[in-house]
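An overview of the molecular structure
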Amino acid sequence: MPTVTIDGCKVRVKKNATVLDAAKKAGIWIPTLCYHPAVSCDASCRICMVELERGDWRQLVTACNYPVREDIVVYVSSERAQQARRGVMELLLARAPESEELKALAERMGVKETHYPKVTESQRNCILCGLCVRVCEEIIGQSAIGFAGRGVDRTVAAPFRQPSDDCIGCGACAVVCPVGTIKLRIHKDQQEVEISPFKSRAKLLLCRQCGAPVVSVQVSEQVMGKVGLDCEEFRERVRLCPKCRKLQSAAQLASAPIRKKQ
Ligand code: SF4
């Protein structure tokens, strides 16, 4: 097992673990945005840059995908590494100036404002990390969104920038969005969930007791198909929100006949 010396702290990690894994093991914080352990890593945001010692010079590398194949020395807190990360943060702040999540991370990194011009209104608040695209493709298996346009016009969108029929309204893209740009909007009157900003919509399953939204119809059908429990009793339970399900279970328990001891 190779040894990583990270800010003077030595940790041993499995071969091909990443510098980020080593830092976590050493209890050293490195900021990340486009990284998520559940999907492939493409180091697109560059916020996790650290310095790697190479003989008598040092190179900036991204911690989330740099593989540890031999003993290495890494600097997370060096002036150059911190400056590089702060520079990236300023660029990201120019893309997502209203993101509370990004502002909180910037503050933790000592960045108060950006000196770069803010991007145009249409691209605001997306840092193009691609986490939503990877989750939709690799975990959900839908590929309902992808990158569109080039250069400063690059955005994440549904095909032809139109609402996508492939979107099942699962909300996974919103859950992983590190800057809180993707949101679920519930249109209860139309019994639909809208994935903003992609404008895709999916039919909602509403609780048969209280009418609260439970999950999208397609997600519930996919889940039932996967767990192989497509029976009427399970369908009835799925059509209850967590609160009503709990109440029903409690009522069933309370009315269950008590077996007398023989
Ligand atoms: S809500 Fe739609 S776009 Fe988002 S991950 Fe699910 S299927 Fe993909």
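Scroll up a little and you will see the structure.
Throughout what follows, the structure given in this document is the object of discussion.

For strand E9 (residues 192–196), a buried count of five out of five residues is recorded, marking the element as mostly surrounded by other parts of the structure. Of the two faces of E9, the one holding Glu192, Glu194 and Ser196 and the one holding Val193 and Ile195 are both buried throughout. Relative to E9, strand E8 (residues 183–187) runs antiparallel, the two being bridged by five bridges. Counted as the bridge partner of Arg185 is Glu194 from E9. Hairpin connection between E8 and E9: a loop of four residues separates the two successive antiparallel strands, and Gln191 in this loop has a positive phi of roughly 55 degrees. Bridge count for E9 against strand E10 (residues 200–206) is four bridges, and the pairing is antiparallel. In the strand pairing of E10, Glu194 is matched with Arg201. In this antiparallel pair of consecutive strands, E9 and E10, the connection spans three residues, and Lys199 shows a positive phi of 65 degrees.

Looking now at helix H4 (residues 131–140). For H4, the set of buried residues is Leu131, Cys132, Val133, Arg134, Val135 and Cys136. One or two steps after H4, the chain reaches Gly141, where phi turns positive at roughly 75 degrees.

Around the ligand, the neighbouring residues are Cys136, Ala144, Cys167, Ile168, Gly169, Cys170, Gly171, Cys173 and Ile195. Put simply, the ligand lies in the largest cavity. Of the residues belonging to the shell around the ligand, the class tally is seven nonpolar, two polar and no charged.

Moving on, we come to the sheet that holds E8. Spatial ordering of the open sheet is given by E8-E9-E10-E11, a layout of four strands whose pairing is antiparallel. At either end of the open sheet lies a strand with only one pairing partner, and these are E8 and strand E11 (213–216). In this sheet, neighbouring strand axes are inclined to one another by 35 degrees on average, regardless of whether the strands run parallel or antiparallel. Of the strands in this sheet, E10 and E11 are in contact with helix H6 (residues 217–227), which crosses E11 at around 70 degrees.

Reading the values: rules and limits
- Residues numbered from 1 in each chain as written.
- Predicted model: local features only at pLDDT ≥ 70, side-chain atom pairs only at ≥ 80, totals over all residues.
- Heavy atoms only, no water.
- Buried < 20%, exposed > 50% of the residue type's maximum accessible area, 1.4 Å probe, protein only.
- Helix = DSSP H or I, 4+ residues; strand = E, 2+ residues; numbered from the N terminus.
- Pairing = 2+ DSSP bridges.
- Near = heavy atom within 4 Å.
- 1 Å grid on protein atoms, 1.4 Å probe; cavity = no way out; pocket = protein on both sides within 12 Å on 5 of 7 lines; lining within 4 Å.
- Sits in = over half its atoms within 2 Å of the grid points.
- Nonpolar A, V, L, I, M, F, W, Y, C, P; charged D, E, K, R; others polar.
- Axes fitted to C-alpha atoms, helices over the stretch in contact; angles between N-to-C directions.
- Contact = heavy atoms within 4.5 Å.

Function cannot be read off these values alone, since they describe shape.
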